[in-house]
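One-letter residues, chain by chain:
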Amino acid sequence: MSRLEAKKPSLCKSEPLTSERVRATLCVLKGILTSSYGPSGRLKQVHSGFGGCVCTTSQSSALLSNLPVTHPILKILTTSMQNHVSCFRDCGLFTAILCCNLIENVQRTGLTPTTVTKLNQHLLSLCTSYLKSESCGCRILVDFSSPQTLLCLVRSIVTSKPACMLTREERDHLSALILRAFLLTIPENTKDRLILGNSIIVPLKGQRVLDSSVLPGILIEMSEIQLMKILPIKKSEAFKVALFCASLSGDLSDTGEGTMVVTYGVSLENAVLEQLLSLGRQLVSDHVDLVVCQKVIHPSLKQFLSMHRVIAIDRVGVALMEPLSKVTATICSLLLCNRNDTAWDELKLTCQTALHVLQLTIKEPCVLLGGGCTETHLAAYIRHKTCNEPESILKDDGCTQTELQLSTEAFCSALESVAGSLEHDGGEVLTDMKYGHFWSAHAEAPSIVNWPDLLSRCGCGLYNSQEELHWSFLKSTRHPFVPQTYLPHEATGSADNLTLDCFTAKLSGLQVAVETANLILDLSYVIEDKN
Amino acid sequence: MVMACRVINKRRHMGLQQLSSFAGTGRTFLGPVKSSKFIIDEECHESVLISSTIRLLESLDLTSAVGQLLNEAVQAQNNTYKTGTSTLLFLVGAWSSAAEECLHLGVPISVIVSVMSEGLNSCIKEVVSLQVPIYNVFDHLDSTKTFSGLETFNISLCPFLQIPSDTGLQKEHDLNDVASPSLTTYSLSGIPVKSPKLFRRQTEVEADKNTLQNPQTLKNSLLASSHYRKSILIHSRHFNRTANNQWINKPDGFLEQHGAATPNTYRCNDLVELEMGLSHGDHNSMKLVDEAVRLQYQNASIQQGNCTMPFRFDISRIFTCCLPGVPETFSCVCPGFITVVSISNTTLIKELENQPVRVILIEGDLTENYRHLGFNKATNINTLLESMKIQQNSSEEVWTNYVLQVLIKFNVNLVLVQGNVSEHLIERCIHSKQLVIGSVNSTVMQAFAEASGAVQVTYITQVNENCVGNGIYVAFWRSIPSDVIDRINVITIVIKTEGINLVTVVLTSPVTAQMQTKEDRFWTCAYRLYHALREQKVFLGGGAVEFLCLSHLQILAGQSLSKRNHVCSGWLHNTSSWLASSLALYRPTVLNCLANGWHRYLSTLMYNTASCSSEFEASTFIQQHLQNARDSGSPSSYILNEYNKLNSGIFNPSISNKLEQIPSIYDIIIPKIEAWRRALDLVLLVLQTDSEIITGLGHTQLNSHETEGFLFL
């Protein structure tokens, strides 16, 4: 007997962003993200609360995938961040923090969502066209004739993950290793299209980070006993390999539902084993030298193969199957060591990010200045642009000058706040009035200070404080100025210790942040199905 | 699912405090004299006696996030080196307090992290000067000198008792000989043994008339750090199992230590001396290790003949057999595989004795239903009986008959099985003169495979003539008098074959509760020797390296004020941050806090070994030495000089009429340094953590008093 129950009405909330609870949870989320940002970011212990492993991390990919948020608005935010991270791997926290900042700042302006959305789009396109232009003052073209820029890029990524627990020496070693692993995936002879190979990360426990290394080819483990039997390998020509992804363990793969009835005296197991052995005979007659199986090989089949001098390796796992199937392509194994599990996991994520960023950089051969300098420089550029040339925006949209100013301020201070989030130890954050770069200083500095002595270098490391510069606190209001465009080539060529960011990932992060913020700001109703 | 998030370091750093309190429980395990603990389960009233960090952590509730990270770090150390866990646990505690102290003093977290990390690096570089190379210790092994030969003065469980000594030569570093009683350490037998520490209140050293050591001259020599290390692939079935068998080449590069006072060479080329130095007072265990190594060496010499492969101590071919209820004195080492079997096998063993038998080795279980790993049994298969023929035999019976047929066909009388064996089968086999032994260790299996030519198989159906091994001898093992062994109601047998590379260490203890401890202690000694021989070098032990670290950090802390930025540039990852320029300001504070950790380590060590009656006294004593070391201008030379004094031999007639050589004390290098690093890494990881994110936890699952401090998303 079925019972019919009346459906519950859906719940509809208007103006979701004005709700106190939403604001509070957004604030908590933002707090988690900003406190994790950058090389001195604080770590989070993520665990299930029921025992099991504890993940100590400050990376967006680990944090976001582990945050099962409930409110629809937060879901929009985290989902779109996760999409960004899954495509670009880098700049996840930047994107998420910028998005939160934008939502918060715009709400304070009191402008209507339509106006804000339009203006934000304009400001975004100003940003992207500047970043892509020749005149851009915070972009460096990658010189592939020397490893310096790429090495700086990798080192910046590794440095920004404190949970890897690396010393300076270890960080430098690992950065060089990642770059070498990447270079090994570039095929030597390419005709028209470049197809990059794979780097497989192999975990090694109990060794120091400095013992990590890169090997060309695929590393497969096998038992020592088995290895002793096959050594020394005398064969000079190439090995003939058979690769199985199906299980050769001899069980009945899928008998389906219901019951199978078998006549007494018939052994299904023996029948399957007989099939496996005939497969073995075939392999032997085909002169296969090496049988590799993703899953388990039946001990009897293994015994048969080894009697015929065929090497059988089983349980290699799904991760190695794809690289094994294209073993002729460029593949390398990165043997990665770290002292404890949680730091190893973080290091693995970091290596994957760095390798991916290098791939992105090959496609779009330029990098952005890091350490907060791109953000402050961009903010200075936008402020100057909207202040001096507001007509181009205003004539299209029919907005007032005030609306543009309010919106610009919200946008630019959102960018600057991201840079400011790099500071976690109560330091003072500043920007200079020439390059628009990001600087930090001791907060308890005496009131009359000699700034050049107190400051050392800007965030990206390109400029030092001994130049004739003027500084202003990032929080204070200041007159718009033209930040110096066209980065001189010699300035970037000589510096070997710059903090750099991935161009593609950051550009996409900027777009995703603005568009997600616009989407969330524009939400009028949340309708929940209560059934 | 709701995510909860808790800010864990608002005012006090909860994580660091948790670490300190966990670590505090293991304080008494530091050093050679370990006080045992009873752990009592309040619910089931069971209790265990433990005396090691690993066993302690097994019994503690470590379900909190920080507890789990601690457990993970200790387990990782133990899995890789089997030693150094007490050091790790203690330093975790000492350095969490140090980090907390820095926080109280207002040092930014990033600065604490950088300075502590680089400070420890600097220490690790500094202590290279206290390395002692090991040379050809197996060259003189044939000589009559053995560990047991000189081991007359200590057969007690707890060798370190303190009694006041009224005599003794005045030492220049004995700072307050009047104010506090001079202490020396005695074994139960009343003969003084050397306290395994460098700095003792009184050196009870005696003249060196014993010829067991080559006249030893001292020199500070240091070795270029070698990068040979054991590697283990995780997620691996194979690589985890046995230690890497690679033999380490002897390092040959020597470096003169700068400013060294004594221009002689400090080296170790005597196995007994090395073992004594590494025993850390546990002579009983080390004596067994010594015998095991000698047996392996003899076996290797016979096997090799004229081949001149260097001998390698293979720890994986040592097997322990524990016999609780048997007096202590029956512990011994024998070649081959010694194991305990049920009394019902007595007649069978008698029949098998004195004749070579054939063996097969089964990798899995030997039961009808066992299938290899990765085989999924289909559950929905019914067998249809065609006729009404009544099956007289169950399938188990059919299988057992088959196994017996195979054994008879191949004339096999011994089956070694890694897994379980069907009880029914064992019984049937006894009647047909076949001995089946289950739960055999995998290295034992491997040793028999090599020595007898048997090939390990998974199923009995795989057995063919090539898989069968020959020439195995089974006998009663009668080293323990039958009345003793009868009391514990088992029979011990020995299984061996010519040239088998397997040594069984029989461990006995009259007190069952101590059996585990006894076994743990044996392995600790065995692994110490193993690592030392692998690395081909050791540290001068007894607190020397820790003292040098302490002294070095204090000197570094003093320097930074004068040299400022120059010294510490590059100590911070992020050189453009203001923290880089403020580093000089905070650096001395952080280095001193880190040094305090070493200070606590040393004073606890001294207190635990009863060299001092209180930690305060120990602390004063260390202070005085620190002053001396500073005054000397070179702490490492100072330490080597102190060692020199110990070894040059000072006759002390009142303590003993016997003249004894006081051996050096050694520590293993890489496991020790890795324990330091792991400890600091854990502390810094927790220090940098500001919140705990709990996934999959609903509001309802938190008690109301727990929800305080949680934020929900």
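If you're wondering where the values come from, they're calculated on a predicted model, not measured in any experiment.

Cut-offs applied
Residues numbered from 1 in each chain as written. Chains lettered and ligands numbered in written order. Predicted model: local features only at pLDDT ≥ 70, side-chain atom pairs only at ≥ 80, totals over all residues. Heavy atoms only, no water. Helix = DSSP H or I, 4+ residues; strand = E, 2+ residues; numbered from the N terminus. Buried < 20%, exposed > 50% of the residue type's maximum accessible area, 1.4 Å probe, protein only. Contact = heavy atoms within 4.5 Å. Areas by Shrake-Rupley, 256 points an atom, 1.4 Å probe, with all protein chains shown as cover. Lys, Arg positive; Asp, Glu negative; His and termini not counted. Charge placed at Lys NZ, Arg CZ, Asp CG, Glu CD. Pairing = 2+ DSSP bridges. Axes fitted to C-alpha atoms, helices over the stretch in contact; angles between N-to-C directions. Salt bridge = Lys/Arg side-chain N within 4 Å of Asp/Glu carboxyl O. pLDDT = per-residue confidence, 0-100. Patch = residues over 30% accessible without salt bridge, like charges linked within 9 Å, V, L, I, M, F, W, Y side chains within 5 Å. Polar contact = N/O pair within 3.5 Å; in protein donor to acceptor, adjacent residues only side chain to side chain. Expected span 1.5 Å × (residues − 1). Phe/Tyr/Trp six-rings, centres within 6.5 Å; stacked < 30°, edge-to-face > 60°. Lys NZ or Arg CZ within 6 Å of the ring centre and 35° of its normal. Parallel < 35°, antiparallel > 145°, perpendicular 65-115°, else oblique. Left-handed = near helix turned anticlockwise from the far one by under 90°. Nonpolar A, V, L, I, M, F, W, Y, C, P; charged D, E, K, R; others polar. Core = buried A, V, L, I, M, F, W, Y, C linked by side-chain atoms within 4.5 Å.

**Brief notes about the overall build of chain A**
Move 1: Counting its secondary structure elements, chain A contains 18 helices and 17 strands.
Move 2: With the principal axes as the frame, chain A shows a C-alpha extent of 90 × 75 × 45 Å.
Move 3: Expressed as a percentage of its 531 residues, the buried residues of chain A come to 54%.
Move 4: Pairs at least 24 apart in sequence give 75% of the contacts found in chain A among residues at least 6 apart.
Move 5: Put simply, chain A shows about 24400 Å² of open surface, and 54% of that area lies on carbon and sulfur atoms.
Move 6: Computed over 46 positive and 52 negative side-chain charges, the separation of the two mean positions in chain A equals 5 Å.

**Remarks on the overall build of chain B**
Move 1: In terms of helices and strands, chain B carries 20 helices and 23 strands.
Move 2: In chain B, which comprises 713 residues, the share counted as buried stands at 58%.
Move 3: Across chain B, contacts joining residues at least 24 apart in sequence account for 80% of those joining residues at least 6 apart.
Move 4: Split by element, the accessible area of chain B, about 29500 Å² in all, is 51% carbon and sulfur.

**Description of the sheet that holds strand 10 (residues 318-324) of chain B**
Residue and element names in this part refer to chain B.
Move 1: Spatially, the 3 strands line up as an open sheet ordered 10-19-11, and their pairing is mixed. With partners counted over all chains shown, the strands left at the sheet margins are strand 10 and strand 11 (332-335), one partner each. Neighbour-to-neighbour, the strand axes of this sheet turn through a mean angle of 25°, independent of strand direction.
Move 2: Inspection of the sheet shows strand 11 paired to strand 19 (residues 503-509) by 4 bridges, in the antiparallel sense. Bridging across to strand 19, P335 finds its partner in V503.
Move 3: Strands strand 10, strand 11 and strand 19 of the sheet are contacted by helix 8 (residues 283-304), whose axis makes an angle of about 15° with strand 11.

**Topic: the pairing of strand 2 (residues 37-40) of chain B**
Move 1: Pairing geometry for strand 2 of chain B and strand 3 (residues 47-50) of chain B, over 4 bridges, is antiparallel. Paired with F38 of chain B across the strands is L49 of chain B, a residue of strand 3 of chain B.

**Some points on the sheet that holds strand 9 (residues 290-293) of chain A**
Residues and elements named next belong to chain A.
Move 1: Taken together, 3 strands build an open sheet; the order of strands is 7-9-10 and the sheet is parallel. Only two strands of the sheet have a single partner each, and these edge strands are strand 7 (241-244) and strand 10 (311-313). Shown here is a sheet whose adjacent strand axes are inclined to one another by a mean of 10°, direction ignored.
Move 2: Note: strand 9 against strand 10, 3 bridges, orientation parallel. Bridge pairing in strand 10 links L290 to I311.

**Structural notes on the pattern of salt bridges**
Move 1: Enumeration over the complete set of coordinates arrives at 32 salt bridges over all chains.
Move 2: For D690 of chain B, the salt bridge is made with K44 of chain A, and the minimal N-O distance between the two is 2.6 Å. Taken together, the positions of D690 of chain B in strand 22 (residues 689-694) and K44 of chain A in strand 2 (residues 43-47) put the pair across two chains. Here the two residues D690 of chain B and K44 of chain A agree in accessibility, since each one is buried.

**Digging into the confidence of the model for chain B**
Low pLDDT means the predicted atomic positions in that stretch should not be read closely.
Residues and elements named next belong to chain B.
Move 1: The predicted model of chain B averages 76 in pLDDT, with 71% of residues at 70 or higher.
Move 2: Across residues 149-264 the pLDDT falls below 50, and counting only partners more than four positions away or on other chains, this stretch makes 313 contacts in the model.
Move 3: Across the interface, the model reports ipTM at 0.91; the global pTM reads 0.85.

**Points about a positive patch on the surface**
Residues and elements named next belong to chain A.
Move 1: Positive charge collects at one region of the surface, where K8, K13, R21 and K530 lie side by side.
Move 2: Tracing the chain through its elements places K8 in the segment before strand 1 (11-14).
Move 3: Look at K8 and you get exposed, because its relative accessible area is 52%.

**Notes on the environment of Y607 of chain B**
All names here are of chain B.
Move 1: Mapped onto the elements of the fold, Y607 is located in helix 17 (residues 578-608).
Move 2: Taking the relative accessible area as the measure of exposure, Y607 reaches 36% and is therefore partly exposed.
Move 3: Taking the C-alpha atoms as reference, Y607 lies 9.8 Å from L30; in sequence the two are 577 residues apart.
Move 4: Beyond its immediate sequence surroundings of up to four residues, Y607 is in contact with C612, S613, S614 and E615.

**A closer look at unusual backbone geometry**
All names here are of chain A.
Move 1: For H287, which is not glycine, the phi torsion reads 60° and is therefore positive.
Move 2: Assignment of secondary structure puts H287 in the loop between helix 9 (268-285) and strand 9.
Move 3: One non-glycine residue, R315, lies in the positive phi region at around 55°.
Move 4: With respect to the helices and strands, the residue R315 is situated in the loop between strand 10 and helix 11 (321-325).
Move 5: Judged by its relative accessible area of 33%, R315 is partly exposed.

**A word on the side chain of S465 of chain A**
Residues and elements named next belong to chain A.
Move 1: Structurally, the position occupied by S465 is in the loop between helix 16 (451-454) and strand 15 (471-473).
Move 2: According to the relative accessible area criterion, S465 is buried, its value standing at 1%.
Move 3: Reaching out from S465, the side chain makes a polar contact with the backbone oxygen of P452 at a distance of 2.7 Å.
Move 4: Leaving out residues up to four positions away in the same chain, S465 has contacts with W439, P452, L455, S456 and W471.

**Here's the deal with the environment of S432 of chain B**
Move 1: By the secondary structure assignment, S432 of chain B is in the loop between helix 11 (423-431) and strand 16 (435-437).
Move 2: Spatially, the C-alpha atoms of S432 of chain B and T508 of chain B are 33 Å apart, while their sequence positions differ by 76 residues.

**Observations concerning helix 18 (residues 615-632) of chain B**
Residue and element names in this part refer to chain B.
Move 1: Given a rise of 1.5 Å per residue, 18 residues ought to cover 26 Å, and the 25 Å separating the end C-alpha atoms of helix 18 matches this to within 8%.
Move 2: Restricting attention to buried positions, one finds in helix 18 the residues E617, A618, F621, I622, H625, L626 and A629.
Move 3: At the C-terminal side of helix 18, G633 shows a positive phi close to 90°.

**Remarks on the packing of aromatic side chains**
Move 1: This structure, assessed with the given rule, holds 18 aromatic pairs over all chains.
Move 2: When the ring of F547 of chain B is compared with that of Y638 of chain B, the centres are 6.5 Å apart and the planes differ by 35°; the resulting orientation is tilted. You can see F547 of chain B sitting in helix 15 (residues 544-563) and its partner Y638 of chain B sitting in helix 19 (residues 635-648), a full 91 residues away along the chain.
Move 3: The exposure class assigned to Y638 of chain B is buried, which follows from its relative accessible area of 9%.
Move 4: Residues W598 of chain B and Y601 of chain B carry aromatic rings whose centres are separated by 6.1 Å and whose planes lie at 80° to one another, so their mutual orientation is edge-to-face. Here W598 of chain B pairs with Y601 of chain B, and both are found in helix 17, just 3 residues apart, close to one helical turn. Across the pair, Y601 of chain B and W598 of chain B agree in class, each one buried.
Move 5: In this structure an aromatic cluster arises from ring pairing among F90, W95, W598, Y601 and W676 of chain B.
Move 6: Over the aromatic face of F94 of chain A sits the side chain of K506 of chain A, whose NZ or CZ is 4.6 Å from the ring centroid.

**Concerning a nonpolar patch on the surface**
All names here are of chain A.
Move 1: Nonpolar side chains collect at one region of the surface, where I233, F239 and V241 lie side by side and expose about 250 Å² of accessible area between them.
Move 2: Checked against the element boundaries, V241 lands in strand 7.
Move 3: Residue classification places V241 among the partly exposed positions, given a relative accessible area of 48%.

**Focus on the packing of helix 8 of chain B against helix 14 (residues 515-535) of chain B**
Residue and element names in this part refer to chain B.
Move 1: Put simply, helix 8 and helix 14 touch, their axes get as near as 8 Å, and they point 55° apart. Taken together, the axes of helix 8 and helix 14 are oblique relative to one another. Two packed elements cross with a definite hand, and for helix 8 against helix 14 that hand is right-handed. Along the contact surface, helix 8 presents S285, M286, L288, V289 and V293, while helix 14 presents R521, F522, C525, A526 and L529.
Move 2: Taken together, the residues that form the contact of helix 8 with helix 14 break down as 8 nonpolar, 1 polar and 1 charged.

**What to know about the nonpolar core**
Move 1: Grouped together as the largest cluster of nonpolar side chains are 131 residues, with contacts concentrated most on W95, M116, W598 and W676 of chain B.
Move 2: With 14 residues, helix 17 of chain B is the largest single contributor of residues to this core.
Move 3: With sequence-adjacent residues up to four places away left out, W95 of chain B is seen in contact with L120, L594, G597, W598, W676, A679, L680 and V683 of chain B.
Move 4: Counting residues in each nonpolar core, the second largest holds 121 residues, with A419, C458, L469 and L510 of chain A among its members.

**Here we look at a negative patch on the surface**
Residue and element names in this part refer to chain B.
Move 1: Where like charges cluster on the molecular surface, the negative patch consists of D41, E42, E43 and E46.
Move 2: Summarising the element assignment, D41 is placed in the loop between strand 2 and strand 3.
Move 3: Its relative accessible area of 36% is what places D41 among the partly exposed residues.

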